[in-house]
Amino acid sequence: MDISKEKHFNMALQISNFKKALNRFEKLVEQTATQKRDERAGLFIHKEDAIDYDKFYASVQKLFGPDVKDQDLKRFYRKLCNNTDAFADWCEDTSWITGCDYLLQLKRIVATTERTIIVWDYKAQGSSQENYFVIKPMDHCLLCVCVVPLPDHLCRDDILLGDDGGFVNRFTVNSDDFGIKQAKSKRKLQNQVLDSKNFKSVKRKLHNDWVMKIRYISALNCFGSCSLDSNHSLVLESLKRLEDNLPVREFSMPRGANTFCYCVKANVIVTGGDDKVIRLWHPNISTKPVGKLVGHMFSITEIVTNEKDQHIVSLSSAKVFRVWDIQTLSLLQVFHDSQGGPGDMQIYSMIYDANHGMLITGSSVMDMYPLTRMIQDTKQVPHTHEREINVMLYNKYLHQVLTICSESIIRVWELETGLQVYQILDPHGFNIEVTSAAVDESGFFFATGAYNGTVRIWDFGSGQEMKVLLEGKDWKEEEHCLQRLVFLKAQEKHQHLVLALERNGTIKMIQGKEDDIYLMVIWELPDVVPFLQDGKHAVHLRVSTRDRNMAIPFPDVELIVERNASQLSNNPAMDSLRVNCIDLLQVEGYNLIAAGTLNGMIILWNFVTSTVKKVCRLEDYFPVNPDLHPKHFKINDILFLFRTPECARRSSQDSICSSSQCESSKGPQSSKGSKQSIHDSEVKGEQTDVTVGEQQPVDKKHPGSANLPEAQPPILVTAHEDGHLRLWTLEGRLLKDMLPFTKHSAISLTSLYTDSCTRILLAGNVEGHVILCNISSFLDPPHDEKKFRQLLSWRAHSLEIIQVIYVEEKQVVITASIDGSVRLWHALNGHYCGYFGQRRLFELSQTSDFILPCDVTEYPIEIKEESKFTEKQKYEYPLIFDREKWRKMSSMSLLFKRTPPKAFEVEQDFKFFKSLSSPKIRRYPLEGFVTENREAGIVFGSLPIYRISSPTSLRFLPLIGVEAQKDSSDGITGKKKGGHVQHEKVSRRRSLKKNLVPQINLASSFFPAIPK
């Protein structure tokens, strides 16, 4: 009994002592947690009795003896330091993942826990998903890991490890160590445990405290490791120093460093730690930092860099982010992660994704913070002007873009940056719309023309007005509206000659003298359309005998015709035959003006042979269909394609581009076998020689000019209302009739453009598509149709493109649309660069980023080879059910009850079939507003919300019923403010400052008047 009582007494004493030890341990944990909270809050004052790991370890050993394992105690202390409010459980068997990286050669993922190294085959599927290898034991608790890239060593990777003993370990793993080279049938799928002693490894103690972060910096060919050690806070050395005991490069800072990173462009090491100061170090100067950034109120836990924008993003333990500019050392933005409470959802890691402009953090969830510029590029509606664009020009000498909107605001932009240089308000007077513009050959001047017929010449550099053509007293409104302006080559200095096309089809020449501020019209081309329409194919010209004070490139001419033929010009039907577009060619041997009419006729004025002739009329090539609109073949743009001998010699030496050499469009449609790509059989004997390469200036004094190839006759290309591109000889022979391939059916073309050596052809259409074609080899005779190839097509706008321009030296395409935006694109692949008027600067260098503006959802279509599908496509796309049409036809049936049909009587309504229509796309721009603060300096922001405008009441709804049908029948010639129809642009109301929507009373439509 005495023995049993003694045992019972000893057991009770042990239990009592253990309970006392537990109470003391709880007080120790609480005291340590309080100290850590004060350290994070910056309230802790360092004293001699401060608890660190050594004191904590000694206290626990004194309470519980040597039975507590060192690794368990280290893990508990680390968890306590990371999260002071977390529940502690000694019975936890699972281990934390302390770090991970990717093995480049072995194609595996390496991860570290506190005690082991794990190599995981992440690509394994099915039963082999848990196929991984565990390497253990480890001498110390592993805290961080990184992989050393070894491109010269196949099937081998080096791993750098940092532990809580201050050691940096280098582990070498080979494919043979894991049996990766074995056949799949022999490979074991179960998890395997490998002995760490069987691997080649070296280690060296570089710090006197925990190694918090380790990285390998390829640009410096060295590794870096940081620690909480105040004396050896950061070590930057080559891998060879791990194998010896030679001195290493050390950086010291108070209270050590929790994290660091390297910026390649700025060549600085950025560190942060518990002293809340960010330091910038030169890699070779360890005595003093080159800069300090102060502002954090809590310990800095993570730092990353944005190389492209030269930004530093730092994170504190309070989940506060700060964005800094590396070059100016200024603070750009502060934002806070407000999810969870103070001790919840601690952020353990942070990376910056440069490809997508995204900051990614990891806690119990993953958070993504997009750059504001990425939001602007992809979510905010691009707006260069508040109203639709009328004119866009490019000055190749000043590298500037000029844009004019329907509100008569002229803006000049820098191409490389997108910044606005200056703007001119109401250049032709209040409420007078500017409709056309041109820049002269030198780039020093530009001319503008308005709807009232006035012309002004401006200095391009300063925006100062130089000369003016006043409005005539007897001119009627819009009768002399200027549709096109072209600067001519003046043979005398300080003289200006401008060729102008009026909306009524009149072509006239305007002269400006040096000593006179007023411009004057010196001649007009006679109207030849009635005579050519009468059946004649050519009319001779007679040069006027009037004396001129200066030589002009196009002489004043008269038609040699019978007098009674002039009566044809009074025919009202002649209005549909007026000239709609012009282009001119002034080179040695050619002095031509080409004009396209509303009915598809091409007229060529030849001032060398003194003739004007009808090159072609589409009714002569295609059968007349009475169901087609009279302006179905309307020519919207016309262009001369002529290659000078210098360009012809260069084209024979090198090629512009090949679709195989062009970069992929990075979208799903560009992949091989995609439904959106066109592949055809390879044309034998043809060299694919199309790309939009940089042009070299023409050397007119080339020593080999005597051997220059002979210039070929020019070719005409026309863009038609029916969506076709047609190429003609000057004799009227049709060389090529092409329907460009886009995602939708035939779409009216609006604009044409070619480069200086006529090797590419760009076209824009009313649905916002850009078509890029190769015409380099097509211009060389014989003009084989197969040599004319479409290379690329992409959606640039949601509405009509009014102008498309290709900038050769930058290899970019500029597009202007009636949606009010002017946008920039990479010509090689159709990638979006941005829009003029955005906050961030342009980045014109070719990047791998692929983004789309918010109003475009279609990926670029890269055409590998010319396809028969493109040529044979003559059908329209299947019809779909249009709910809008159904509602309009159903509104009357909701108000008036119809009489039911009698027996055996069929009600032939066909309302469903009348509601069918072609697939539609959005024809109006989105209106958006931004929810976050748009002040300068915002780098990361939230996504904005967009609202689509809708009618506010019944009074503002469009007409329905009988009046709607009547209105739709007149839709082709009616007026429409702020929108464009697919047919002819009708004349618009010129009171620009007032944009009133008419209030339509529908009472008479819903409730017909009852006769008395």
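Residues numbered from 1 in each chain as written. Predicted model: local features only at pLDDT ≥ 70, side-chain atom pairs only at ≥ 80, totals over all residues. Heavy atoms only, no water.

Next up on the list: the nonpolar core. Counting residues in hydrophobic clusters, the biggest one holds 31 residues, and the most contacted among them are Leu499, Ile603 and Trp605. Setting aside anything within four residues of it in sequence, one finds tryptophan 605 in contact with Leu525, Pro526, Val528, Leu541, Val557, Leu559, Asn591, Leu592, Ile593, Thr611 and Val612. The next biggest cluster of nonpolar side chains, apart from the first, holds 20 residues, and it includes Leu799, Ile805, Val807 and Cys833. (Core = buried A, V, L, I, M, F, W, Y, C linked by side-chain atoms within 4.5 Å. Buried < 20%, exposed > 50% of the residue type's maximum accessible area, 1.4 Å probe, protein only. Contact = heavy atoms within 4.5 Å.)

Put simply, helix 2 (residues 53-64) and helix 3 (residues 70-82) touch, their axes get as near as 11 Å, and they point 125° apart. As summarised for this structure, helix 2 and helix 3 are arranged oblique, according to the angle between their axes. For the element pair helix 2 and helix 3, the recorded crossing hand is right-handed. Residues Tyr53, Phe56, Tyr57, Val60 and Gln61 of helix 2 pack against Asp70, Leu73, Lys74, Phe76, Tyr77 and Leu80 of helix 3. Classifying every residue of the contact of helix 2 with helix 3 by side-chain character gives eight nonpolar, one polar and two charged. (Axes fitted to C-alpha atoms, helices over the stretch in contact; angles between N-to-C directions. Helix = DSSP H or I, 4+ residues; strand = E, 2+ residues; numbered from the N terminus. Parallel < 35°, antiparallel > 145°, perpendicular 65-115°, else oblique. Left-handed = near helix turned anticlockwise from the far one by under 90°. Nonpolar A, V, L, I, M, F, W, Y, C, P; charged D, E, K, R; others polar.)

Attention now moves to the environment of tyrosine 451. In this fold, tyrosine 451 is placed in the loop between strand 30 (445-450) and strand 31 (455-459). Accessibility expressed as a relative area gives 11% for tyrosine 451, which makes it buried. Counting along the chain gives 17 residues from tyrosine 451 to valine 434, while the straight-line C-alpha distance between them is 6.3 Å.

With respect to topology, four strands assemble into an open sheet ordered 51-52-53-54, the strand pairing being antiparallel. Unpaired on one side and paired on the other, strand 51 (801-807) and strand 54 (832-835) mark the two borders of the sheet. Neighbour-to-neighbour, the strand axes of the sheet open up by a mean angle of 20°, direction not taken into account. Here strand 53 (residues 822-826) pairs with strand 54 via three bridges, running antiparallel. In the strand pairing of strand 54, leucine 824 is matched with glycine 834. (Pairing = 2+ DSSP bridges.)

The next subject is the pattern of salt bridges. One pass over the structure, following the stated rule, counts 21 salt bridges. Across the salt bridge formed by glutamate 465 and arginine 456, the nearest N and O atoms sit 2.7 Å from each other. The class for glutamate 465 is partly exposed, based on a relative accessible area of 38%. Residue arginine 456 is classed as buried on the basis of its relative accessible area of 15%. (Salt bridge = Lys/Arg side-chain N within 4 Å of Asp/Glu carboxyl O.)

Omega for the peptide link from lysine 136 to proline 137 comes to 5°, which places this bond in the cis form. On the secondary structure map, proline 137 appears in the loop between strand 4 (132-136) and strand 5 (142-148). A cis amide bond links proline 781 to the next residue, proline 782, at an omega of -5°. Within the secondary structure, proline 782 sits in the loop between strand 49 (769-774) and strand 50 (789-795). In this structure, lysine 319 is a non-glycine residue whose phi angle is positive, near 65°. Mapped onto the elements, lysine 319 comes out in the loop between strand 19 (311-316) and strand 20 (320-325). Since its relative accessible area comes to 7%, lysine 319 is described here as buried. Its identity as a non-glycine residue notwithstanding, asparagine 431 has a phi of 65°, on the positive side. By the secondary structure assignment, asparagine 431 is in the loop between strand 28 (420-425) and strand 29 (434-439).

This part covers a positive patch on the surface. A cluster of like positive charges, contributed by Lys20, Arg24, Lys27 and Lys62, occupies part of the molecular surface. For the positive patch, the leading source of residues is helix 1 (residues 2-41), giving three residues. Mapped onto the secondary structure, lysine 27 falls in helix 1. (Patch = residues over 30% accessible without salt bridge, like charges linked within 9 Å, V, L, I, M, F, W, Y side chains within 5 Å. Areas by Shrake-Rupley, 256 points an atom, 1.4 Å probe, with all protein chains shown as cover. Lys, Arg positive; Asp, Glu negative; His and termini not counted. Charge placed at Lys NZ, Arg CZ, Asp CG, Glu CD.)

Take the confidence of the model for the protein next. A residue-level look at the protein finds 72% of positions with pLDDT of 70 or above and a mean pLDDT of 77. Counted against residues more than four places away or in other chains, residues 182-189, with its pLDDT under 50, gives 10 contacts. In the predicted structure, residues 951-1012 sits below a pLDDT of 50 and forms 76 contacts with residues beyond four places in sequence or in another chain. (pLDDT = per-residue confidence, 0-100.)

What follows covers the state of the cysteines. For the coordinates displayed, the defined rule picks out one disulfide. Here cysteine 647 connects covalently by a disulfide to cysteine 757, the sulfurs 2.2 Å from one another. Judged by the sign of its S-S torsion, about -65°, the cystine formed by cysteine 647 and cysteine 757 is left-handed. Residue cysteine 647 is found in helix 7 (residues 645-653), and its partner cysteine 757 is found in the loop between strand 47 (749-754) and strand 48 (760-765); the two are separated by 110 residues along the sequence. (Disulfide = S-S within 2.5 Å.)

Attention now goes to the packing of aromatic side chains. Inspection of every chain in the model, using the stated rule, returns 26 aromatic pairs. Taking 5.7 Å as the distance between ring centres and 75° as the angle between the ring planes, the aromatic pair formed by phenylalanine 25 and phenylalanine 64 counts as edge-to-face. Separated by 39 residues along the polypeptide, phenylalanine 25 in helix 1 and phenylalanine 64 in helix 2 bring together distant segments of the chain. Taking relative accessible area as the criterion, phenylalanine 25 reaches 7% and is therefore assigned buried. Consider the rings of phenylalanine 321 and tyrosine 369, whose centres lie 5.3 Å apart with planes at 50°: the pair is tilted. With a gap of 48 residues between them, phenylalanine 321 in strand 20 and tyrosine 369 in strand 24 (residues 366-370) connect regions that are remote in the sequence. Tyrosine 369 carries the same exposure label as phenylalanine 321, and that label is buried. Put simply, the rings of Phe18, Phe25, Tyr53, Phe56, Tyr57, Phe64, Phe76, Tyr77 and Trp210 pair up and form one aromatic cluster. (Phe/Tyr/Trp six-rings, centres within 6.5 Å; stacked < 30°, edge-to-face > 60°.)

Before going further, it helps to spend a moment on helix 3. For the α-helix, the turn length of 3.6 residues means that residues three or four positions removed from each other point alike. Relative to the 18 Å expected for 13 residues at 1.5 Å per residue, helix 3 spans 18 Å between its end C-alpha atoms, a close match to the ideal helical length. The buried fraction of helix 3 amounts to 10 of the 13 residues, a majority that puts the element mostly inside the structure. All of the buried residues along helix 3 are Asp72, Leu73, Lys74, Arg75, Phe76, Tyr77, Arg78, Lys79, Leu80 and Cys81. (Expected span 1.5 Å × (residues − 1).)

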